[in-house]
Every structure is written in structure tokens, then in C-alpha cells.
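Tertiary structure, described
In case you want the letters, here they are:
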Amino acid sequence: MSNTNRLRIAIQKSGRLSKDCQDLLKQIGVKLNLREQRLIAHSTNMPIDVLRVRDDDIPGLVMDGVCDLGIVGENVLVESQAERQNQQQCADVIKLSKLDFGYCRLALAWPQELGEQSKSWFEGKRIATTYPEILKQYLKRENINASAVMLTGSVEVAPRAGLADAICDLVSTGATLEANGLMQGETILESNACLIQNPSLQDPEKLALIEKLMPRLKGVKQAKE
Ligand code: ATP
Ligand code: ZN
């Protein structure tokens with residue numbers, strides 16, 4: 001548990017969401033000294049600390065109350081909620097806002113040379129993915145009997161390497177799929193970055209600070225529209 005009275009916000013340290021997260025904090029008036037490559041950046045004008053971590057750790061940090069707020073892709077949030085539910089761990093968060101960055105799709109893909117395929121083709125197949133829980137939920141929903149092969153990276157080379165028949169991976173432009181000779185199929189999840197809050201947060205000062213920041217965040221979002 002956090003033993004500080006400063007509001008703790010978890011963001012991705014380095015990756016696709018980092019710059020947008022830093023820009024957003026700046027736009028809502030949170031001044032940060034981010035020059036140092038430190039885990040924690042203290043705000044110089046508000047009682048806020050920003051923790052810079054791997055995106056995969058963000059949902060857990062917020063669910064466990066180590067951080068009060070977090071910014072993470074819905075893809076990572078949904079996967080980690082399902083994972084934690086399987087382990088009977090707390091998986092609750094309050095979704096404060098969907099943000100206007102980090103858009104991507106989790107889509108199925110298979111070797112191009114096989115041509116167009118219907119859902120029934122997946123029957124009995126092995127599908128490589130970094131999101132086995134989201135994939136399993138989809139397969140269950142669609143009544144497809146296929147197995148998920150968990151890979152944390154290089155998912156797109158799995159069919160060529162003989163590790164799987166197909167993949168379920170994040171896509172934005174489709175260029176990576178094409179470069180790996182894969183044909184894109186159904187989208188099983190659309191995702192944006194979102195701002196989440198620990199549901200047990202009760203500190204009145206922290207809650208008041210969140211109340212103060214939310215209209216600013218809304219204003220920044222509207223200004224971009
Ligand atoms: P970390 O080192 O923090 O674990 P990572 O390699 O898992 O980083 P990134 O590739 O930086 O993660 O992606 C972070 C998030 O950005 C993704 O989980 C997703 O929500 C979003 N995103 C947006 N576009 C894409 C894309 N084209 N491919 C992958 N992720 C994307
Ligand atoms: Zn990650």
C-alpha cells in the first residue's frame with residue numbers, strides 16, 4: 001500500500017504510450033522533472049508522483065493500490081483482469097476516462113498463401129498470441145475449439161517458425177502482418193489507452209485532486225476534437 005499522501009500515477013516508462021502520457025500530464029498542468037531516468041518522477045507543482053514502469057505492470061499496481069491511477073491500453077487491462085480473475089485476485093478498477101491515443105486492434109491473422117478463411121478454419125488450430133485470455137474468451141464466445149500458444153514477443157513469426165498455425169496480435173496499419181506474409185482476419189478487440197483508478201481509494205485530498213484534474217482532462221480531449 002502507498003504510504004505517501006502524494007497521488008501516485010503509473011505510466012509506461014518507454015514505449016508507444018510514453019510520449020502521449022507525458023504530454024497529457026503536461027497539458028492538464030502537472031509539471032514533471034522527467035530528465036532523470038528514474039522510476040519515480042515527482043511533480044514540482046502538485047502533490048503527484050509519476051511511476052514509470054512496463055505497461056504490463058500498470059493494471060496490477062492500480063488494482064493492488066500501489067498506485068492510485070494508471071494509464072494503460074485497454075488490451076493490457078482486459079488481459080490482466082481476466083488473468084487475475086483466474087487466480088482469484090482482485091481485478092477491479094474504475095475506468096475514469098477513455099483517452100484519445102494508443103489506438104490499436106487485436107486481430108486474427110494467418111499465412112497469406114492460405115487465402116480467405118472462415119471462422120471454422122480455426123477449429124483445432126494453434127494460435128500464437130500475447131493475449132491468451134482475450135483470445136480464449138473470443139474462442140469460447142464463437143464456439144471455436146482452438147488452442148492459444150502464449151508468446152511474449154515476435155508473435156508474427158510464429159506461423160513461419162512452425163510454432164502455430166495462426167496468430168492473434170495487435171495491429172495498427174497492418175504493415176507488420178504484410179511484411180510477414182500474413183493475412184488479416186477478424187478484429188477481436190479494439191483498444192485505446194485509458195485512465196484507471198484504484199476503486200478503494202478513499203483519501204479525501206487525493207480524491208479532491210482527481211476531481212480537480214478530470215475537467216482539465218476533458219477539456220484537453222475536447223480541444224483536440
Ligand atoms: P513495455 O516495455 O512497457 O512492456 P510493450 O512492448 O509491451 O512495452 P508497446 O509496444 O510500447 O508495449 O505498446 C504499448 C501499448 O500501446 C500497447 O499495449 C497498445 O495498447 C498500444 N498500441 C498502439 N498501437 C500499437 C501497435 N501498433 N502495436 C502494439 N501496440 C500498440
Ligand atoms: Zn508490455
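First, a word on what this report is: a plain description of the structure on this page. If you're wondering where the values come from, they're calculated on a predicted model, not measured in any experiment.

Mapped onto the secondary structure, leucine 24 falls in helix H1 (residues 18-27). Spatially, the C-alpha atom of leucine 24 lies 13 Å from that of alanine 10, the residues being 14 residues apart in sequence.

Surrounding ligand 1, one finds 15 residues, the nearest of these being Gly15, Arg16, Gly73, Cys104 and Ser172. Looking at which domains feed residues into the shell around ligand 1, each of domain 1 (7-102 + 192-224) and domain 2 (104-191) gives three or more.

Within the open sheet, the 6 strands sit side by side as E2-E3-E1-E4-E11-E5. Their pairing is mixed. Of all strands in the sheet, those with a lone pairing partner are strand E2 (40-42) and strand E5 (94-98), marking the two edges. Going from strand to strand, the sheet's axes swing by 25° on average, the running direction of each strand aside. The sheet contact formed by strand E1 (residues 7-12) and strand E4 (residues 69-73) spans 2 bridges and is parallel.

Moving on to the sheet that holds strand E10 (residues 182-191). Strand order across the open sheet formed by 5 strands is E8-E7-E9-E6-E10, with mixed pairing between neighbours. Edge strands, defined here as strands with exactly one partner in the open sheet, are strand E8 (147-150) and E10. Along the sheet, successive strands turn relative to each other by an average axial angle of 30°, direction set aside. Across 5 bridges, the pairing between strand E6 (residues 104-111) and strand E9 (residues 166-171) is antiparallel.

Procedures and definitions
- Residues numbered from 1 in each chain as written.
- Chains lettered and ligands numbered in written order.
- Predicted model: local features only at pLDDT ≥ 70, side-chain atom pairs only at ≥ 80, totals over all residues.
- Helix = DSSP H or I, 4+ residues; strand = E, 2+ residues; numbered from the N terminus.
- Near = placed C-beta within 6 Å.
- Domains from an automatic or database assignment.
- Pairing = 2+ DSSP bridges.
- Axes fitted to C-alpha atoms, helices over the stretch in contact; angles between N-to-C directions.

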